[in-house]
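# Close look at the chain arrangement
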Protein chains: 4
Amino acid sequence: MRTIGVLTSGGDAPGMNAAIRAVVRTGLNKGLKVMGIQRGYNGIINGEIFEMDSSSVSDIIHRGGTILRTARSEEFRTEEGRKKAYNVLKVFGIEGLVVIGGDGSFTGAMKLANEFGVKVVGIPGTIDNDLAYTDYTIGFDTAVNTVLDAINKLRDTSTSHERVSVVEVMGRHCGDIALYAGLAGGAESIIIPEQPFDFDELCRNIIQSKARGKMHNLIVLAEGVGGAEELARRIEEITGIEARATKLGHIQRGGSPTAFDRILASKMGARAVELLLEGKSKRAVGIKDGKIIDVDIEEALSMKKESDSYMYELSKIISM
Amino acid sequence: MRTIGVLTSGGDAPGMNAAIRAVVRTGLNKGLKVMGIQRGYNGIINGEIFEMDSSSVSDIIHRGGTILRTARSEEFRTEEGRKKAYNVLKVFGIEGLVVIGGDGSFTGAMKLANEFGVKVVGIPGTIDNDLAYTDYTIGFDTAVNTVLDAINKLRDTSTSHERVSVVEVMGRHCGDIALYAGLAGGAESIIIPEQPFDFDELCRNIIQSKARGKMHNLIVLAEGVGGAEELARRIEEITGIEARATKLGHIQRGGSPTAFDRILASKMGARAVELLLEGKSKRAVGIKDGKIIDVDIEEALSMKKESDSYMYELSKIISM
Amino acid sequence: MRTIGVLTSGGDAPGMNAAIRAVVRTGLNKGLKVMGIQRGYNGIINGEIFEMDSSSVSDIIHRGGTILRTARSEEFRTEEGRKKAYNVLKVFGIEGLVVIGGDGSFTGAMKLANEFGVKVVGIPGTIDNDLAYTDYTIGFDTAVNTVLDAINKLRDTSTSHERVSVVEVMGRHCGDIALYAGLAGGAESIIIPEQPFDFDELCRNIIQSKARGKMHNLIVLAEGVGGAEELARRIEEITGIEARATKLGHIQRGGSPTAFDRILASKMGARAVELLLEGKSKRAVGIKDGKIIDVDIEEALSMKKESDSYMYELSKIISM
Amino acid sequence: MRTIGVLTSGGDAPGMNAAIRAVVRTGLNKGLKVMGIQRGYNGIINGEIFEMDSSSVSDIIHRGGTILRTARSEEFRTEEGRKKAYNVLKVFGIEGLVVIGGDGSFTGAMKLANEFGVKVVGIPGTIDNDLAYTDYTIGFDTAVNTVLDAINKLRDTSTSHERVSVVEVMGRHCGDIALYAGLAGGAESIIIPEQPFDFDELCRNIIQSKARGKMHNLIVLAEGVGGAEELARRIEEITGIEARATKLGHIQRGGSPTAFDRILASKMGARAVELLLEGKSKRAVGIKDGKIIDVDIEEALSMKKESDSYMYELSKIISM
């Protein structure tokens, strides 16, 4: 293998730049030529490809977002689009491809490999932590800390007004952002898709905690479960205690990555290049039990993520 | 004057604690007895009043919110409620009252003074900067920096996706948070109640800036003008460029106050006590041209806030 | 077991409060009486012991430092001191003791157990990450992120001046803070006690990187290796390139804990109480391969920490 | 005037990039050609000059440091050096020069104007706030908030250990950083060059405040007064209370600028260009009583900065 390409695809996540940097510099260190591909799979199709040297990834490890841009590609979902992409990769001499993104991006990589024999390695870059084969995805730790910072601010104002505060965070199918930020933020209640939700119990807890003198009550809600506005309205109606909703939105995707995400991304980026050099393909890099691992990308996509029910139970006990 | 009271009322603002601290310690330093009143005017009516010593305001200067809690009081809006409040103040021997809050809180103070001769001084504590007699209110600088931090995060993700990003910030009648944060955040457009808004011009700018190669387009919108969701939808419809909305919400009210807000609050708190000691009443403390001032509270309430149109024009020039 | 005590000892670390909170609330949840002991082992000897209820640990999960205070105790190092401590524990009915701290604190706990049969469990609270039996100690992740934030600031000014910047971080025997923050911060060189240091190679790298157009050169140095001032002076002398030193000092011990540290502390605190309830003693709680574990405290103290040489090598490759 | 140049010189300060951006975009908006000069006055002499367009200042308003780099120039201090600089400016057609920096940079600008008739305008960019003609310099507000953040962290650990904490901040002749950060940080004592310092009084305060139950004692010291290490040692010797020193160093120069600094820099940058267009020269832009002003640059340099003794007295009263 002499030339590899790297792209970011799908929703961006803090730490993607650290991963790109590691891919580029490890590749160069091993004697490879490294091509940066802009705007995800669209960038292959459109030939938005340029050679990267060491300085092209200088001063990016601490920046959020992705210098390669990202996009979702309709064209690439068609076989025709992928055929075109394959031809462009061949023209540019790209033999191995590192794809940084979530499950949709991995599916695209898998198809490139299955249909055209392109050697691909996936790196999990998504704030949602919704890939089952890896304990953590790049960007998750940063997103959780961003939510924590918002919770700290909400705590100030909720305490002053002695209100219930409902915070809606990202996570359509996977409640990990809500679970981790809720536990770390001392939230009184955490509502996630993976756990049953009992509205009456929630209201009982709010009323009791007010009675015990708690100055505020914080509820963290994963977006997959429903709207914060509606929940706050219902809580106020039933409990008679003022409730306010905040939907954190896209700020969760941005910001300078935490140390954890930068280190994870650096290790994963380096490992992805090594895998290509070892002649491997269709691998997804992950972290399991503190160790960098790699699994078959199809297997990775088929695994079902399980929520950490211990953390959920723990949060009930220690946020009482 | 031997005994004064202090309360916070209306929406909370970062720096209120620094103001409380300054009131208490200046009062004690001048030989006064200082009573803390909880939950705004309700706290007077309900007798939630306790003596404060120096240590009761230890380690609060850096905390958001207000240790005295805050509330809006329906009862105090009635003459009967205020009569009750006056009686409670008398019973506790409170001869002077420092009220930290916004225009609603000032109106309450004014009525106590007019109807019962209570000596009152107002300190402007509100993130909105919507009081005309003062250049800055306590909490405004912190709120602007909180919005800036959010804008930084949104810039990361908007740039990665090359999207338009619409951010809705607080400010019902006064667009200052949007104006200051927009100028400081390098927003391409700022939409505030005080300035005419031309949707077609906005779309032209977005299209042109995309054509010139700008990777993202940031629009800061004061809540008084309308909803961010709706605006983003219309922009996407007309320009064909992806647009996303974020409503920052209550996080703007929280957080550790900036140096500016803590210093402003400290000076204003000390000045409020001095005014009471000088026998003044019905004064609102402010800052004008860098100097701590005080004006008649009725006059303060009647003044019409003017927006800084120079800053608005400047932002158009330097965000091009 | 009906009554347990909890104390923090040695240098403080962000997340200690989250651990205390988890110990108290898990204890209460299991029907135990939980006593807080102030100022470490001194607090036992002096009887600075008070019963904790659920609200005594409200609103502390996000605060740095330790609400129980901490101290190093000379008296407790003597057998007489420990005898006194044991008597006090008996008088207060404390049958199990949770000690949050570093190796010195664990040694004290071990002696209490060995000499008097007190049931003890240790929780690793120290920013240095210098305990071999656990992958992470509480406070380490926060300290690394604090250093990262400082590195970001130094990068700005070093780049503007095109200087070499030497940052000295904590870590007397263990270079983990330097290693993790160096890798995450994109430091050009990391100097830690566990790795050989070649001054000439360092100077060659600095000169070469300047020649390749790098605008700044960042060196992270663990305090155990030597002084930053002296190193900066020698670099400037040999390379002729301006070099500046910064010793970060005690700010590394403070700050609101990260999500990682709060969650780790919550899990460890809960586990410590469970161990006491299971009748275990002389255990040190840790995290290994992502799982909460516990090991014999003497064994924990005798293990030799090994540095992650992969991360060290990786940093050389990707910071080139 | 058709072509202007802009440079940054001396120590860098957060907000310099916002000033450069405003100079460039205001210049372009008025039909001027704007040349960026790298590495201060050295850059003129060496011809490190390039034309700037609007996109060359994109995405810099939030970045610390200066994209134009900065340096101190020995050569420019000689008449020969300045003659050379003048010739280069002529060759590049640069008729007006905007200099962003401190008093040394202003002196250089003044000489260029006096000796060769170059039209110059100075913008005060220095964290020290040591220029008497302006209430604030660019970077000062950011530096004060950076110090505040450090003080918050030190408060955590000092409180846990019940120690005295001495923090040394920047400010050789001007104690403003110490004064503002000390007042805003709730420091028990502030030691600055402009105020007499009584060591015995300091020790009395420390002992008394310990006796009154204060958990920590924070002393902020301007570097111009002396070393923190030495002071901490003496305090510990005399009071018997543990004392620790922290010298914050170069992190005070870095970091993303605050809203205040970005807005100040934007206004000053725009005003500097307007002054050149009005045919003015030898002006220093400043802010006085909340308004952007300009004064003769020689006059600016000759004015003696006065410290705000009211803030100093206020801090004594409210930090008791």
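Remember, it's a predicted structure, so these values are computed and weren't measured experimentally.

Our next topic: the interface of chain A and chain C. How big an interface is tends to be stated in terms of accessible area lost as the parts join. Taken together, the contact pairs 45 residues of chain A with 45 residues of chain C. Looking at the side of chain A facing chain C, the largest losses of area belong to Ile263(A), Ile318(A) and Met320(A), adding up to 16% of the total buried there. The interface formed by chain A and chain C holds four salt bridges in total. A salt bridge links Lys291(C) to Asp289(A); the shortest N-O distance between them is 2.7 Å.

All names here are of chain C. In this model helix α1 (residues 16–29) runs 20 Å from its N-terminal to its C-terminal C-alpha over 14 residues, within 8% of the 20 Å that 1.5 Å per residue would give. Burial in α1 covers these residues: Met-16, Asn-17, Ala-18, Ala-19, Ile-20, Arg-21, Ala-22, Val-23, Val-24, Arg-25, Thr-26 and Gly-27. The positive-phi residue at the C-terminal boundary of α1 is Gly-31, with phi of around 90 degrees.

A surface patch of positive charge is lined by Arg72(A), Arg77(A), Lys111(A), Arg172(A) and Lys247(A). Along the chain, Lys247(A) turns up in strand β9 (residues 243–247).

This next bit is on the packing of helix α1 (residues 16–29) of chain B against helix α9 (residues 259–277) of chain B. Residues and elements named next belong to chain B. One can describe the packing of α1 onto α9 by two numbers: an axis separation of 7 Å at closest approach and a directional angle of 35 degrees. Along this stretch, α1 crosses α9, giving a crossing that reads as right-handed. Contacts between α1 and α9 pair Ala-18, Ala-19, Ala-22, Val-23, Thr-26 and Gly-27 from the former with Arg-262, Ala-265, Ser-266, Gly-269, Ala-270 and Val-273 from the latter. Across the contact of α1 with α9, the residue classes tally to seven nonpolar, four polar and one charged.

All names here are of chain A. Under the UniProt annotation, "binding site: ATP" (unreviewed entry) lies at Gly-11, Arg-72, Ser-73, Gly-102, Asp-103, Gly-104 and Ser-105. Taking the farthest pair of C-alpha atoms as the criterion, the annotated set spanning 95 residues converges on one region, since that pair is 13.8 Å apart. When you line up the elements, Gly-102 lands in the loop between β4 (96–101) and α4 (103–116). For Gly-102, a relative accessible area of 14% gives the class buried. In this structure Gly-102 touches Ser-9, Gly-125, Thr-126 and Leu-131, once residues within four positions along its chain are discounted. Among the secondary structure elements, Asp-103 is positioned in helix α4. Taking relative accessible area as the criterion, Asp-103 reaches 41% and is therefore assigned partly exposed.

Moving on to the domain arrangement of chain A. Residue and element names in this part refer to chain A. On domain assignment, one finds that chain A holds domain 1 (3–139 + 257–302) and domain 2 (141–253). The C-alpha centroid of domain 2 is placed 34 Å from the C-alpha centroid of domain 1. In this assembly, 14 residues from domain 1 lie in contact with 12 residues from domain 2. Summed over both partners, the interface of domain 1 with domain 2 buries about 1,100 Å², with 51% contributed by carbon and sulfur atoms. Looking only at domain 1, the three residues that lose the most surface to domain 2 are Ile-127, Asp-128 and Thr-258, adding up to 43% of its buried area. At the boundary of domain 1 with domain 2, the tally comes to zero salt bridges. Summed over the shared surface of domain 1 and domain 2, the result is eight residue pairs in polar contact (both at pLDDT 80 or more). Of the residues that constitute the side of domain 1 that touches domain 2, the class distribution is six nonpolar, four polar and four charged.

Residue and element names in this part refer to chain A. Look at the UniProt record and you will see "active site" (unreviewed entry) annotated at Asp-128. Along the chain, Asp-128 turns up in the loop between β5 (119–124) and α5 (140–161). Judged by relative accessible area, Asp-128 falls into the buried class, the value being 15%. Contact partners of Asp-128, with chain neighbours within four places excluded, come to Phe-140, Met-170, Gly-171, Cys-174, Asp-176 and Ile-177.

When chain A is brought onto chain C, the operation consists of a screw motion whose angular component is 180 degrees and whose axial shift is 0.0 Å, with 0.0 Å RMSD remaining. What the superposition gives is, in effect, a two-fold axis relating one chain to the other. No C-alpha of chain A approaches the rotation axis more nearly than that of Asp289(A), which lies at 2.0 Å. A share of 100% of interface residues in chain A that are also interface residues in chain C marks the association as one of identical surfaces.

So, on to the sheet that holds strand β8 (residues 217–222) of chain D. One key point about sheets: their strands pair by backbone hydrogen bonds, in either a parallel or an antiparallel sense. Residues and elements named next belong to chain D. Spatially, four strands are ordered β7-β8-β6-β9 in an open sheet, and the strand pairing comes out parallel. A strand with exactly one partner marks an edge of an open sheet, and here the two such strands are β7 (189–191) and β9 (243–247). Averaged over all neighbouring strand pairs, the angle between strand axes comes to 15 degrees, with direction disregarded. Summarising the sheet, strand β6 (residues 164–169) and β8 pair through six bridges and their orientation is parallel.

This part covers the environment of Asn87(C). By the secondary structure assignment, Asn87(C) is in helix α3 (residues 79–91). The spatial distance from the C-alpha of Asn87(C) to the C-alpha of Ile44(C) is 9.2 Å, given a sequence separation of 43 residues.

Further remarks concern the pairing of strand β1 (residues 3–8) of chain B. Put simply, side chains in a regular strand alternate between the two faces of the sheet. All names here are of chain B. Burial analysis of β1 places six of its six residues in the buried class, the great majority of the element. Burial along β1 is two-sided: the residues Thr-3, Gly-5 and Leu-7 and Ile-4, Val-6 and Thr-8 are all buried. Sheet topology places β1 next to strand β2 (residues 33–37); four bridges connect them, and they run parallel. The residue bridging Val-6 from the neighbouring strand is Gly-36, located in β2. Note that the unit made of β1, α1 and β2 has a crossover that is right-handed.

This paragraph deals with the packing of aromatic side chains. Inspection of every chain in the model, using the stated rule, returns 30 aromatic pairs over all chains. Aromatic pair Tyr136(A) and Tyr180(A): ring centres 6.4 Å apart, planes at 80 degrees, arrangement edge-to-face. One end of the pair, Tyr136(A), is in the loop between β5 and α5; the other, Tyr180(A), is in helix α6 (residues 176–184), with 44 residues separating them in the sequence. Judged by relative accessible area, Tyr180(A) falls into the buried class, the value being 13%. Taking the centre distance of 4.9 Å and the plane angle of 10 degrees together, the rings of Tyr86(D) and Phe116(D) count as stacked. Separated by 30 residues along the polypeptide, Tyr86(D) in helix α3 (residues 79–91) and Phe116(D) in helix α4 (residues 103–116) bring together distant segments of the chain. In terms of burial, Tyr86(D) and Phe116(D) fall into one category: buried. One aromatic cluster is present, built from ring pairs that chain together Tyr136(A), Phe140(A), Tyr180(A), Phe260(A), Tyr136(C), Phe140(C), Tyr180(C) and Phe260(C). One Lys or Arg, Arg234(B), reaches over the ring of Phe199(B) and ends 3.9 Å from the middle of that ring.

For the structure shown, the criterion picks out 87 salt bridges over all chains. A salt bridge links Arg155(D) to Asp59(B), with the nearest nitrogen and oxygen atoms 3.1 Å apart. You can see Arg155(D) sitting in helix α5 (residues 140–161) and its partner Asp59(B) sitting in the loop between β3 (49–52) and α3 (79–91), one on each of two chains. Its relative accessible area of 29% is what places Asp59(B) among the partly exposed residues. Among the salt bridges present, the one from Glu242(D) reaches Arg163(D), with a minimum N-O distance of 3.3 Å. Separated by 79 residues along the polypeptide, Glu242(D) in the loop between α8 (228–239) and β9 and Arg163(D) in the loop between α5 and β6 bring together distant segments of the chain. Look at Glu242(D) and you get partly exposed, because its relative accessible area is 31%.

Residues and elements named next belong to chain B. In this model, α9 (19 residues) spans 27 Å end to end at C-alpha, consistent with the 27 Å of a helix rising 1.5 Å per residue. A large share of α9 lies buried, amounting to 17 of its 19 residues. Remark: Gly-279 follows α9 within two positions and exhibits a positive phi of approximately 85 degrees.

Attention now moves to the sheet that holds strand β9 (residues 243–247) of chain C. Residues and elements named next belong to chain C. Taken in spatial order, the four strands line up as β7-β8-β6-β9 in an open sheet, and their pairing is parallel. Looking at the sheet topology across the chains shown, the edges are occupied by β7 (189–191) and β9. Strand-to-strand twist of the sheet, defined as the mean angle between neighbouring strand axes without regard to direction, takes the value 15 degrees. Across five bridges, the pairing between strand β6 (residues 164–169) and β9 is parallel. Considered in β9, the bridge of Ser-165 is made with Arg-244. Of the strands in this sheet, β6, β8 (217–222) and β9 are in contact with helix α5 (residues 140–161), which crosses β6 at around 160 degrees. Packing of helix α8 (residues 228–239) onto the sheet brings it into contact with β6, β7, β8 and β9, and relative to β9 it is tilted by some 170 degrees.

What counts, and where the lines are drawn
- Residues numbered from 1 in each chain as written.
- Chains lettered and ligands numbered in written order.
- Predicted model: local features only at pLDDT ≥ 70, side-chain atom pairs only at ≥ 80, totals over all residues.
- Heavy atoms only, no water.
- Contact = heavy atoms within 4.5 Å.
- Buried area = accessible area lost by both parts, 1.4 Å probe.
- Salt bridge = Lys/Arg side-chain N within 4 Å of Asp/Glu carboxyl O.
- Helix = DSSP H or I, 4+ residues; strand = E, 2+ residues; numbered from the N terminus.
- Expected span 1.5 Å × (residues − 1).
- Buried < 20%, exposed > 50% of the residue type's maximum accessible area, 1.4 Å probe, protein only.
- Patch = residues over 30% accessible without salt bridge, like charges linked within 9 Å, V, L, I, M, F, W, Y side chains within 5 Å.
- Areas by Shrake-Rupley, 256 points an atom, 1.4 Å probe, with all protein chains shown as cover.
- Lys, Arg positive; Asp, Glu negative; His and termini not counted.
- Charge placed at Lys NZ, Arg CZ, Asp CG, Glu CD.
- Axes fitted to C-alpha atoms, helices over the stretch in contact; angles between N-to-C directions.
- Left-handed = near helix turned anticlockwise from the far one by under 90°.
- Nonpolar A, V, L, I, M, F, W, Y, C, P; charged D, E, K, R; others polar.
- UniProt positions renumbered as here; feature names shortened; annotations may be inferred.
- Domains from an automatic or database assignment.
- Polar contact = N/O pair within 3.5 Å; in protein donor to acceptor, adjacent residues only side chain to side chain.
- Least-squares fit on C-alpha atoms with pLDDT ≥ 70 in both.
- Pairing = 2+ DSSP bridges.
- Right-handed = clockwise from strand over helix to strand, strands pointing away.
- Phe/Tyr/Trp six-rings, centres within 6.5 Å; stacked < 30°, edge-to-face > 60°.
- Lys NZ or Arg CZ within 6 Å of the ring centre and 35° of its normal.

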